[in-house]
Amino acid sequence: MSAETTAETGRKAIDLPDYLITLPVVGVLGLVANWIGPDNPILESIPGMLILLVISFVGLVVTRYAPFDLPAVAWVTLVAMIVTLPWTPGSAWILGHLESMDFLALATSVLAYAALSIGHSEIDIFKRAGWKIVIVALLVFVGTFFGSAVVAEVTLKIQGII
């Protein structure tokens, strides 16, 4: 993908033809990951995957031509939120097809790729941060765990389950 910056905006240029080649490959891999999961027939998942790919591409087009700079993931998320709002025409149809998608299966492959993409520069940053980053990471993990436990406990008490 192109890492050039455009002269008028000073931000990285998004090479849309590259994404037109990459997105179908990602879609096929996503369908395979979705198919491996429990009770997800691959033929029923194809419309949902096509919808996800179209939403992703529209978000990338908006990222490329938007008058202000936001990360592509923010634009893709915004497009997805808009097309699935209850008052958006066709949102029920879109959500109906997306129900066949196992988003945990899709996220697993994305997280695996993210883990594999850690390079020497990230490792060098980690080395420079030293032992302090380990303490910060542990505090964040523990805080997130206990925060989630408190929210779950309160929610269950409110619903009368506990």
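The coordinates are above.
In what follows, the accompanying structure is described. Worth saying up front: this structure is predicted, and the values here are computed from it rather than measured.

**Concerning the environment of Thr63**
Mapped onto the fold, Thr63 is located in helix 2 (residues 42-65). Between the C-alpha atoms of Thr63 and Val73, which are 10 residues apart in sequence, the distance is 8.9 Å.

**Observations regarding the pattern of salt bridges**
For the coordinates displayed, the defined rule picks out 1 salt bridge. In this structure, Lys157 and Glu153 form a salt bridge, with 3.8 Å as the shortest nitrogen-oxygen distance. Placement of the pair is Lys157 and Glu153 together in helix 7 (residues 131-158), with a separation of 4 residues, close to one helical turn. Note on Glu153: relative accessible area 35%, which makes it partly exposed.

**Section: the nonpolar core**
Formed by 15 residues in total, the largest nonpolar core has its most connected members in Met49, Ile51, Leu52, Ile55, Leu98, Met101 and Leu106. Secondary-structure elements contributing two or more residues to this core are helix 1 (16-36), helix 2, helix 3 (72-83) and helix 4 (91-98). With 6 residues, helix 2 is the largest single contributor of residues to this core. Not counting the four nearest positions on each side in its chain, Leu106 is found in contact with Gly30, Met49, Leu52 and Met101.

**As for helix 2**
Given a rise of 1.5 Å per residue, 24 residues ought to cover 34 Å, and the 34 Å separating the end C-alpha atoms of helix 2 matches this to within 8%. Here helix 2 has its buried residues at Ser45, Gly48, Met49, Ile51, Leu52, Leu53, Ile55, Gly59, Leu60 and Thr63. Elements that come into contact with the buried residues of helix 2 comprise helix 1, helix 3, helix 4 and helix 5 (103-116).

**Here we look at the layout of surface pockets**
Taken as a whole, the largest pocket encloses approximately 1000 Å³ of empty space. In terms of lining residues, the largest pocket is bounded by 26 residues, among which Leu23, Val26, Leu53, Ser56 and Val110 are the most central. At the level of elements, helix 1, helix 2, helix 3 and helix 5 are the ones that each hand at least two residues to the lining of the largest pocket. Per element, the largest residue contribution to the lining of the largest pocket is 7 residues, and it comes from helix 1. Class assignment for the residues of the lining of the largest pocket results in 19 nonpolar, 7 polar and no charged.

**Some words on helix 4**
Listed in full, the buried residues belonging to helix 4 are Ser91, Ile94 and Leu98. Down the axis of helix 4, the smallest arc covering the buried residues is 65 degrees, so these residues share one side. Residues of helix 4 that are exposed and angled more than 90 degrees away from the buried face: Ala92 and Trp93. Buried residues along helix 4 sit against helix 2, helix 3 and helix 5.

Cut-offs applied
Residues numbered from 1 in each chain as written. Predicted model: local features only at pLDDT ≥ 70, side-chain atom pairs only at ≥ 80, totals over all residues. Heavy atoms only, no water. Helix = DSSP H or I, 4+ residues; strand = E, 2+ residues; numbered from the N terminus. Salt bridge = Lys/Arg side-chain N within 4 Å of Asp/Glu carboxyl O. Buried < 20%, exposed > 50% of the residue type's maximum accessible area, 1.4 Å probe, protein only. Core = buried A, V, L, I, M, F, W, Y, C linked by side-chain atoms within 4.5 Å. Contact = heavy atoms within 4.5 Å. Expected span 1.5 Å × (residues − 1). 1 Å grid on protein atoms, 1.4 Å probe; cavity = no way out; pocket = protein on both sides within 12 Å on 5 of 7 lines; lining within 4 Å. Points joined across faces, edges and corners; volume = space filled by probe spheres on them. Nonpolar A, V, L, I, M, F, W, Y, C, P; charged D, E, K, R; others polar. Arc of directions from axis to C-beta.

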